[in-house]
Amino acid sequence: MGTCFLLMAAVAACCPTKHLRLGGIDFAARWRRLVEQGEIQAVSNVDRRLVRYGLRVEKKTGTIQEFAEDSDTFQSVLPEGLSKRAGEYPVRLAAIRRLRPPSTFQESEIPPHDSETCSLCGGPQRLQLREPLGKLMVPTTGRVWDCHFNIAPQQTDGHGLLVPTLDEEANRRKQALLFEDIVDLTTLAFTQTILPRRSLCINFNAPGAGASQNHIHAHVWVQHESYPIDKYPLSKKRWDMKEGKVSAAIVKGYPAASVCFLGRDPKDIALAVSNVITTATTQFNLTYNFLISGLANRKGGGERRMGVYVFLRGSDAYHESPLGLGQRIGAGMMAGEWIVTRKEVFELLNEDKIAKALALTRPDALQGDSIDSGMVCKPINEELWLHDLLNEALGEPLQSRSKL
């Protein structure tokens, strides 16, 4: 018995994210297995030479490490990886993520989805050629999502792509969330296994809000701490649905336009999220990010105190990549964790510039403003457009609440 206990403790020490279960699979264990098999690797043309990059298990420590090497000489060409804290925002200069292929479309020109040309449906990088992390069964709906590894992960201990199974032709479609998708993603997040300092963050980037592929997909990665947005208070004014079983509130004081959804039932939450997204895109001409933080510790966020957020953004190119930044802002960055791919951007960023970049994603930000400008827009709680949007999507709010 004692020997068995010691063995289990040793395994847990070398695999700290083991037992992060999602949709019936052990996400962390399968991720590590694919790394050990050499699956999470790719070749890219960098400065006219072929570079192999990806993840390996370091033999001496047993930890997962990034690598990049010249395909002919095997000499390391791994870019420098750096990290810092810019006030409340963690900032990291990714190494191998800088070597990934460019986006398949420009911000201003998003082509229709075509399964013949879509890089996820067909071609040399199509998902069917990769060994998946697994098939996720949504426990309440029975629908299946394929979980594939991201070839240039944000987190070395796990970053997957969630794609409605390509076994069904109807799932070969554009990058837009249907109500059923939101139900599935919210259910997966709410039924995952959460460890004291480990969770899985599920998130989605719409076109014009950080998406790099026009094929329906979400991201899931290992989350190590709460996000900066998780620490911000919520408005006392609440918009309720389903007889108060789910409510929405504005995140007060956060630079980006953010709505938090509270409730216990993933399907109820998904209905509210879907109504807000539909209203934002069809009536207000906005785009959005959707993110579920497993370590939010939000009162009212179900038994696991989840943080379910929608970030509402202007749909012009300067809202996606603010002037002076030169990088798209996706869901993780909207939540306050900044992972960048260029050293000059890493060195440029401080707390003030990050706050301004987030503010510039708001639909009321003006073209020509930059992260070097002064105050780019009013605080979110002074704006009426978001109240109008939530009134339209969810109905008139209840009276202000005394407790947040």
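Numbers given to residues run from 1 along each chain, matching the order in which its sequence is written. With pLDDT at 70 or above as the cut-off, local features in this predicted model cover only qualifying residues; side-chain atom pairs require 80 or more to be listed or tallied, and sums for whole chains, interfaces and linings still use all residues. Side-chain numbers come from the whole structure's heavy atoms, not from hydrogens or water.

Trainee: I keep staring at the overall build of the chain and nothing clicks. Help me out?
Mentor: Counting its secondary structure elements, the chain contains nine helices and 18 strands. Relative to its full complement of 404 residues, the chain shows a buried share of 54%. Contacts were defined at the residue level, with two residues in contact if any of their heavy atoms lie within 4.5 Å. Of all intrachain contacts in the chain linking residues separated by at least 6 positions in sequence, the fraction that spans at least 24 positions is 63%. Per-residue and other accessible areas were derived by the Shrake-Rupley procedure at a 1.4 Å probe size, with only the shown protein chains allowed to occlude residues. As presented, the chain carries roughly 18,200 Å² of accessible surface, and 50% of it is formed by carbon and sulfur atoms. Only DSSP runs of H or I with at least four residues qualify as helices, and only runs of E with at least two residues qualify as strands; both kinds are numbered from the N terminus onward. Here's how the labels work: a residue is buried when its accessible area is under 20% of the maximum for its type, exposed when over 50%, partly exposed in between, all with a 1.4 Å probe on protein chains only.

Trainee: Looking at this model, I keep getting lost on the packing of helix 4 (residues 266–282) against helix 9 (residues 385–394). Mind explaining?
Mentor: The relative placement of two packed helices comes down to the angle between their axes together with the axis-to-axis distance. Between helix 4 and helix 9, the shortest axis-to-axis distance is 9 Å and the interhelical angle comes to 125 degrees. Classified by the angle their axes make, helix 4 and helix 9 are oblique. Once helix 4 is placed against helix 9, the crossing between them reads as right-handed. Packed against helix 4, whose contacting residues are Ala-272, Asn-275, Val-276, Thr-279 and Ala-280, the element helix 9 presents Leu-389, Leu-390, Glu-392, Ala-393 and Leu-394 at the interface. Its residues assigned to classes, the contact of helix 4 with helix 9 shows seven nonpolar, two polar and one charged. Fitted lines through C-alpha atoms give the axes, limited to the stretch in contact for helices. The angle between two N-to-C directions lies from 0 to 180 degrees. With respect to orientation, any angle under 35 degrees is reported as roughly parallel, any angle over 145 as roughly antiparallel, any angle of 65 to 115 as roughly perpendicular, and every other angle as oblique. Left-handed describes a crossing in which the near helix is turned anticlockwise from the far one by less than a right angle; the clockwise case is right-handed. The residue classification treats Ala, Val, Leu, Ile, Met, Phe, Trp, Tyr, Cys and Pro as nonpolar and Asp, Glu, Lys and Arg as charged. All others, Gly included, are polar.

Trainee: Which parts of the structure should I look at to understand the side chain of Gln-327?
Mentor: Tracing the chain through its elements places Gln-327 in the loop between helix 5 (317–320) and helix 6 (331–334). For Gln-327, a relative accessible area of 11% puts it in the buried group. Within the structure, Gln-327 has its side chain in polar contact with the backbone nitrogen of Thr-341 (distance 3.4 Å). With residues near it in sequence (within four places) discarded, Gln-327 still touches Glu-320, Ser-321, Pro-322, Met-333, Ile-339, Val-340 and Thr-341. Within 3.5 Å is the distance limit for a polar contact, defined as a pair of N or O atoms, with the added protein rule that one can donate a hydrogen and the other accept it, and that residues adjacent in sequence qualify only through two side-chain atoms.

Trainee: What is the right way to look at the sheet that holds strand 16 (residues 287–293) in this model?
Mentor: Sheet strands pair by backbone hydrogen bonding; their relative direction is either parallel or antiparallel. Taking strand neighbours across the sheet as the criterion, the ten strands line up as 8-9-10-12-11-16-17-15-14-13 in an open arrangement whose pairing is antiparallel. Each edge of the open sheet is held by one strand with a lone partner, namely strand 8 (134–137) and strand 13 (239–241). Here the average twist between neighbouring strands, direction ignored, is 25 degrees. Two strands pair when backbone bridges link them, and strand 13 and strand 14 (residues 246–250) are joined in this way by three bridges, in the antiparallel orientation. Between any two strands, pairing holds if DSSP finds at least two bridges.

Trainee: What should I look at first to understand unusual backbone geometry in this one?
Mentor: Most peptide bonds are trans, and most residues other than glycine sit at a negative phi. Positioned with a positive phi, Asn-285 is a non-glycine residue whose angle comes to about 55 degrees. Its place among the elements puts Asn-285 in the loop between helix 4 and strand 16. Not every positive phi belongs to a glycine, and Asn-297 is a case in point at roughly 55 degrees. Note on placement: Asn-297 falls in the loop between strand 16 and strand 17 (307–313).

Trainee: So what exactly am I meant to see when it comes to the nonpolar core here?
Mentor: Inside soluble globular proteins, nonpolar side chains tend to come together where they are buried. Within this scheme, the nonpolar core is defined by two criteria: the residues are buried Ala, Val, Leu, Ile, Met, Phe, Trp, Tyr or Cys, and they are joined through side-chain atoms within 4.5 Å. Ranked by size, the top nonpolar core spans 71 residues in total, and within it Phe-261, Phe-290 and Leu-312 carry the most contacts. Looking at this core, the element that brings in the most residues is helix 4, giving seven residues. Each residue touching Phe-290, except ones within four places of it in the same chain, is listed here: Leu-177, Ile-182, Leu-185, Thr-186, Ile-202, Asn-203, Phe-204, Val-273, Val-308, Tyr-309, Val-310 and Ala-331. Counting residues in hydrophobic clusters, the runner-up holds 37 residues, among them Tyr-89, Leu-234, Phe-311 and Leu-360.

Trainee: Help me understand helix 8 (residues 351–359), please; the structure alone is not making it clear to me.
Mentor: One turn of an α-helix holds 3.6 residues; hence residues three or four places apart share an orientation. Among the residues making up helix 8, those that are buried are Lys-353, Ile-354, Lys-356, Ala-357, Leu-358 and Ala-359. Lining the buried residues of helix 8 we find strand 6 (82–86), strand 7 (89–93), helix 6, strand 18 (338–340) and helix 7 (343–348).

Trainee: Please clarify how the pattern of salt bridges should be interpreted in this entry.
Mentor: It is possible for side chains bearing opposite charge to pair when their charged atoms get close. Just to be clear on terms, a salt bridge is a Lys or Arg side-chain nitrogen sitting within 4 Å of an Asp or Glu carboxyl oxygen. A complete count under the given rule lists 17 salt bridges for this structure. Put simply, Asp-146 and Lys-135 hold a salt bridge, and the shortest N to O gap is 2.6 Å. On the criterion of sequence distance, the pair formed by Asp-146 in strand 9 (residues 144–149) and Lys-135 in strand 8 is long-range, its members being eleven residues apart. The partner of Arg-328 in a salt bridge is Glu-320, with the nearest N and O atoms 3.2 Å apart. We classify Arg-328 as partly exposed; its relative accessible area is 21%.

Trainee: How do you make sense of the packing of aromatic side chains when you look at a structure like this?
Mentor: Working definition: an aromatic ring pair is given by the centre-to-centre distance plus the angle between the planes. Note on ring pairs: Phe, Tyr and Trp rings are taken, using the six-membered ring of Trp, and paired if centres are within 6.5 Å. Classes follow the plane angle, with under 30 degrees stacked, over 60 edge-to-face and the rest tilted. What the rule picks out here adds up to three aromatic pairs. A ring pair is formed by Phe-204 and Tyr-288, whose centres lie 5.9 Å apart and whose planes are at 20 degrees; its orientation type is stacked. One end of the pair, Phe-204, is in strand 11 (residues 199–205); the other, Tyr-288, is in strand 16, and 84 residues separate them in sequence. The same class applies to Phe-204 as to Tyr-288, namely buried. A ring pair is formed by Tyr-309 and Phe-311, whose centres lie 6.2 Å apart and whose planes are at 25 degrees; its orientation type is stacked. The pair Tyr-309 / Phe-311 is uniform in exposure class, with both members buried. Placement of a positive charge over a ring is assigned whenever Lys NZ or Arg CZ falls within 6 Å of the ring centre and within 35 degrees of the normal to the ring plane. Here the basic side chain of Arg-56 rests over the ring of Phe-67, its NZ or CZ set 3.7 Å away from the ring centre.

Trainee: Teacher, can you tell me more about helix 4 here?
Mentor: In this scheme, a helix's expected span is set at 1.5 Å multiplied by one less than its residue total. For helix 4, spanning 17 residues, the distance from its first C-alpha to its last is 24 Å, which sits close to the expected 24 Å at 1.5 Å a residue. Listed in full, the buried residues belonging to helix 4 are Pro-266, Asp-268, Ile-269, Ala-270, Ala-272, Val-273, Ser-274, Val-276, Ile-277, Thr-279 and Ala-280.

Trainee: Quick question: what am I supposed to make of the confidence of the model for the chain here?
Mentor: The predicted structure's coordinates, where accompanied by low pLDDT, should not be read in detail. Mean pLDDT for the chain: 85, with 88% of residues reaching 70 or above. One number per residue, pLDDT, summarises how confident the predictor is, and it ranges from 0 to 100. This model gives residues 1–17 a pLDDT under 50, and the stretch forms ten contacts once residues within four places in sequence are excluded. Confidence drops under pLDDT 50 across residues 400–404; counting only partners more than four residues distant or on other chains, this segment forms 13 contacts.

Trainee: Would you mind going over the packing of helix 3 (residues 179–190) against helix 4 with me for this structure?
Mentor: Direction vectors running N to C along helix 3 and helix 4 enclose 135 degrees, while the axes themselves pass 8 Å from each other. Judged on the interaxial angle alone, helix 4 and helix 3 are oblique. Seen from above, helix 3 lies across helix 4 with right-handed handedness. Taking contact as the criterion, the partners of Phe-179, Ile-182, Val-183, Thr-186, Thr-187 and Phe-190 in helix 3 are, on helix 4, Pro-266, Lys-267, Ile-269, Ala-270, Leu-271, Val-273, Ser-274 and Ile-277. When grouped by side-chain class, the residues that make up the contact of helix 3 with helix 4 number ten nonpolar, three polar and one charged.

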